[in-house]
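These are the residues of each chain, in order.
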Amino acid sequence: MKRQPLGKRAKRLKEALRDEISGLGTPNVYHATIVIFLEFFAWGLLTGPVISVLGQTFPNHTLLMNGLIQGVKGFLSFLSAPLIGALSDVWGRKSFLLVSVFFTCLPIPLLYISPGWYFAVFSMSGVFAVTFSVVFAYVADITDENDRSSAYGQVSYCRERSIVLVHLR
């Protein structure tokens, strides 16, 4: 009987332990859709209050500051997405889903505590605010090649549905 190299056995054991510890059970596309729906729904709810706080904080340059803040966050996300993807390959998608959602939502309490800090932390949170990329990597890991495009469609549909539903209120 041929034994597997220690590296492969250790990797399998690490993956089994990580899945056992996570407590989420069998990986499913619905996990990804729920995460995406809730995150984008929450951010949609915050759009109005953020613009009004921006108007109070920067009355003469509200839209300019909004563009700068969103631009910095987007640029940082663009730069960090490959690194976060590589790290999630090593340490697991579920943990990086949690990290990316945490850092995306980290600035929210600061909106009413200190608007200046909110905008600074919101801009810098772009480094970890790559939830959509991590969700797509998670979906790619748990689906077969034949089912992948429909799973991507489900995730994208949930994202768009959350954006539409938040504006129907």
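What counts, and where the lines are drawn
- Residues numbered from 1 in each chain as written.
- Predicted model: local features only at pLDDT ≥ 70, side-chain atom pairs only at ≥ 80, totals over all residues.
- Heavy atoms only, no water.
- Core = buried A, V, L, I, M, F, W, Y, C linked by side-chain atoms within 4.5 Å.
- Buried < 20%, exposed > 50% of the residue type's maximum accessible area, 1.4 Å probe, protein only.
- Helix = DSSP H or I, 4+ residues; strand = E, 2+ residues; numbered from the N terminus.
- Contact = heavy atoms within 4.5 Å.
- pLDDT = per-residue confidence, 0-100.
- Axes fitted to C-alpha atoms, helices over the stretch in contact; angles between N-to-C directions.
- Parallel < 35°, antiparallel > 145°, perpendicular 65-115°, else oblique.
- Nonpolar A, V, L, I, M, F, W, Y, C, P; charged D, E, K, R; others polar.
- Polar contact = N/O pair within 3.5 Å; in protein donor to acceptor, adjacent residues only side chain to side chain.

Caption draft 1: Quick peek at the nonpolar core. Membership of the largest hydrophobic core comes to 13 residues, with the highest contact counts inside it found for A32, I84, L97, V134, V135, V139 and V155. Among the elements of the structure, α2 (29-57), α4 (93-105), α7 (131-142) and α8 (145-166) are those that each provide at least two residues to this core. Of all the elements, α7 adds the most residues to this core, at four residues. Those residues in contact with V135 that lie beyond four places of it in its chain are A32, V35, I36, L97 and V155.

Caption draft 2: Spatial organisation of the confidence of the model for the chain. Overall, the prediction assigns the chain a mean pLDDT of 82, with 85% of residues at 70 or greater. Mean pLDDT across the secondary structure elements of the chain bottoms out at helix α1 (residues 6-22), with 55, and peaks at α8, with 91.

Caption draft 3: Quick peek at the packing of α2 against α7. Where α2 contacts α7, the axes come no closer than 9 Å and their chain directions differ by 170 degrees. Relative to α7, α2 is oriented roughly antiparallel. Only T131, F132, V135, Y138, V139 and I142 of α7 make contact with α2, whose side of the interface consists of V29, H31, A32, V35, I36, E39 and F40. Within the contact of α2 with α7, the residues separate by chemical class into ten nonpolar, two polar and one charged.

Caption draft 4: Main features of the environment of I142. One can find I142 in helix α7. A residue is classified by how much of its surface remains accessible, and I142, at 27% relative accessible area, is partly exposed. Taking the C-alpha atoms as reference points, I142 and N28, 114 residues apart in sequence, are found 7.0 Å from one another. When sequence neighbours within four positions are dropped, the list of residues in contact with I142 reads P27, N28 and V29.

Caption draft 5: Structural detail: the side chain of R93. With respect to the helices, strands and loops of the structure, R93 is situated in helix α4. For R93, a relative accessible area of 13% translates into the label buried. A polar contact of 2.7 Å, which involves the side chain of R93, links it to the side chain of D89. Sequence-distant contacts of R93, that is, excluding residues within four places in its chain, are made with G85, S88, V134, A137, Y138 and D141.

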